[in-house]
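Residues per chain are reported as follows:
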Amino acid sequence: MASIGLAMAQWLGGGTFFGRSRTAEQRRTPLRALSYLGTVLLCQFTAVAMVFVIVNNENQLYDNWGDLLGTSSHVRAVPVPPKDEGLAGDQAAATGPSGSPAPKVPQAFHAPDSDAVPRNVKQADLKGRFSGVDGEVLVWTPPQYDDPAYKDKTFPVVELLAGFPGSSSAWFGQTMDVTGQLEPLMKSGQVTPFILVSPRVTLLGNTDTGCADVPGKVNAETWLSRDVPQMIVDNFRADATPDRWALSGYSAGAHCALRLALAHPNRYRAAISMSGYNNPAGEPSSLTAKDPKLRETSNPLYILTHAPTPPNVALYVTGKRGDGLEDATALQQAAKSPTTVTPFETTGAHLTSTWKPLVVPTFKWLTGIIPPR
């Protein structure tokens, strides 16, 4: 930046940078100055872009430049979702003209767009039929899935939710390395062989949806809790009963994991929250933080205390003092059987370097809630 200022000062001030004599050759110096400034700006932009790419590759915050610049939208339409009757009910809701249940909808899977994601992860570009949201969904199947001894078995599922900003590839890349950490433990029987699913959570550019259905803007909740699970059931040997489904998330994704599990006990049995928050204002750019009514009703503590009956969900909530621990304690104090809340105090910063080491212990806890069959 200093070099740009120096060049401009010398050019505009008539100093010795371009010489004092006004020869015909030197009368073209303003153009040369602009060319020089353009070159400097280009070099500095390139340097900044390289730094961004390096940081983004390390943390996998954005999938593309549209997400970074806030110009991308994955909302095709915002229909009114049909009544939520659970996973089995969604299949019945999508009936054909004859009234018979709609057939399964096969997806075309391909290698992940991100080179940071292992090649044994599949990607589908899903068009949500209930939500009107279009986005990528990354899927990994456990080692037992292709074992002939398990050919007639169905598998439990965990949805993995990134923070905001956050990429669907973050869980599978080195940022969280979920498969690298869990695959050996699944093979040895220490962790339940889960199908792991990471859907797109950044749907409206630089606005966090709060994982909510906001009329006229986005059906993020329906995308995550209905379209994504239905796609998994349609295309994999996934168990369709709610006691075999769970969520795990960090930061804004942790908030989403809690609120989705508590709001949909007919779909999920458990949720893991890493440094999440109850009040949606924990993410100031969230749509649910800006609307007073949504801010109240989207709070996991509010959902828990206003449920008609205590939801049969188990929550594992991590955080440090001032960053999630107090929210975990509030949930624990409000929980009534059969709801259970397990707080776990951490000491690290609000970074993936704190959450990555939590993958193994949280999934061992989850194995106690959703054991192998």
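Bear in mind that the values here come from a model prediction, so they are computed numbers and not experimental data. (Residues numbered from 1 in each chain as written. Predicted model: local features only at pLDDT ≥ 70, side-chain atom pairs only at ≥ 80, totals over all residues. Heavy atoms only, no water.)

(A) Structural context of the packing of helix α6 (residues 220-235) against helix α7 (residues 252-263). Where α6 meets α7, the closest approach of the two axes is 11 Å, and the angle between their N-to-C directions is 70°. Classified by the angle their axes make, α6 and α7 are roughly perpendicular. In this structure, the crossing between α6 and α7 has a hand that is right-handed. Seen from α6, the contacting residues are E221, L224 and S225; seen from α7, they are R259, L260 and A263. Here the residues of the contact of α6 with α7 sort into three nonpolar, one polar and two charged. (Axes fitted to C-alpha atoms, helices over the stretch in contact; angles between N-to-C directions. Helix = DSSP H or I, 4+ residues; strand = E, 2+ residues; numbered from the N terminus. Parallel < 35°, antiparallel > 145°, perpendicular 65-115°, else oblique. Left-handed = near helix turned anticlockwise from the far one by under 90°. Contact = heavy atoms within 4.5 Å. Nonpolar A, V, L, I, M, F, W, Y, C, P; charged D, E, K, R; others polar.)

(B) Summary view of the pattern of salt bridges. Applying the stated criterion across every chain yields a total of twelve salt bridges. Across the salt bridge formed by R259 and E221, the nearest N and O atoms sit 3.4 Å from each other. With R259 in helix α7 and E221 in helix α6, this pair connects stretches of sequence that are 38 residues apart. The pair R259 / E221 is uniform in exposure class, with both members buried. (Salt bridge = Lys/Arg side-chain N within 4 Å of Asp/Glu carboxyl O. Buried < 20%, exposed > 50% of the residue type's maximum accessible area, 1.4 Å probe, protein only.)

(C) Representation of the pairing of strand β4 (residues 157-161) in the model. Among the five residues that make up β4, five are buried, leaving the element largely enclosed by the rest of the structure. Here β4 shows no split at all, with V157, E159 and L161 on one side and V158 and L160 on the other all buried. For β4 and strand β8 (residues 245-250), the ladder comprises five bridges, and the chain directions are parallel. Its bridge partner lying in β8, V157 is registered against W245. Tracing the backbone out of β4, into helix α5 (residues 178-187) and back to the parallel element strand β5 (residues 195-199) gives a crossover that is right-handed. (Pairing = 2+ DSSP bridges. Right-handed = clockwise from strand over helix to strand, strands pointing away.)

(D) Region of interest: the sheet that holds β5. Here we have nine strands laid out as an open sheet, ordered β1-β2-β3-β5-β4-β8-β9-β10-β11, and mixed in their pairing. The open sheet has two edge strands with one neighbour each: β1 (109-110) and β11 (340-345). Sheet topology note: the β1/strand β2 (residues 122-127) ladder contains two bridges and is antiparallel. Each residue of the ladder has a partner; that of H110, found in β2, is Q123. The sheet strands contacting α7 are β4, β8, β9 (270-274) and β10 (314-319), and the helix crosses β8 at an angle near 155°.

(E) Just the packing of aromatic side chains, in detail. The full count for this structure, using the stated rule, is nine aromatic pairs. Arranged with centres 5.3 Å apart and planes meeting at 75°, the rings of F109 and F236 form a pair that is edge-to-face. Of this pair, F109 sits in strand β1 while F236 sits in the loop between α6 and β8, placing them 127 residues apart in sequence. Measuring from centroid to centroid gives 5.9 Å for F194 and F363, while their planes differ by 75°, and the two rings are edge-to-face. On the criterion of sequence distance, the pair formed by F194 in the loop between α5 and β5 and F363 in helix α13 (residues 359-369) is long-range, its members being 169 residues apart. Among the aromatic residues, ring-to-ring pairing joins F109, Y145, Y150, F155 and F236 into one connected group. Lying over the aromatic face of Y145, R237 brings its terminal NZ or CZ to 4.2 Å of the ring centre. (Phe/Tyr/Trp six-rings, centres within 6.5 Å; stacked < 30°, edge-to-face > 60°. Lys NZ or Arg CZ within 6 Å of the ring centre and 35° of its normal.)

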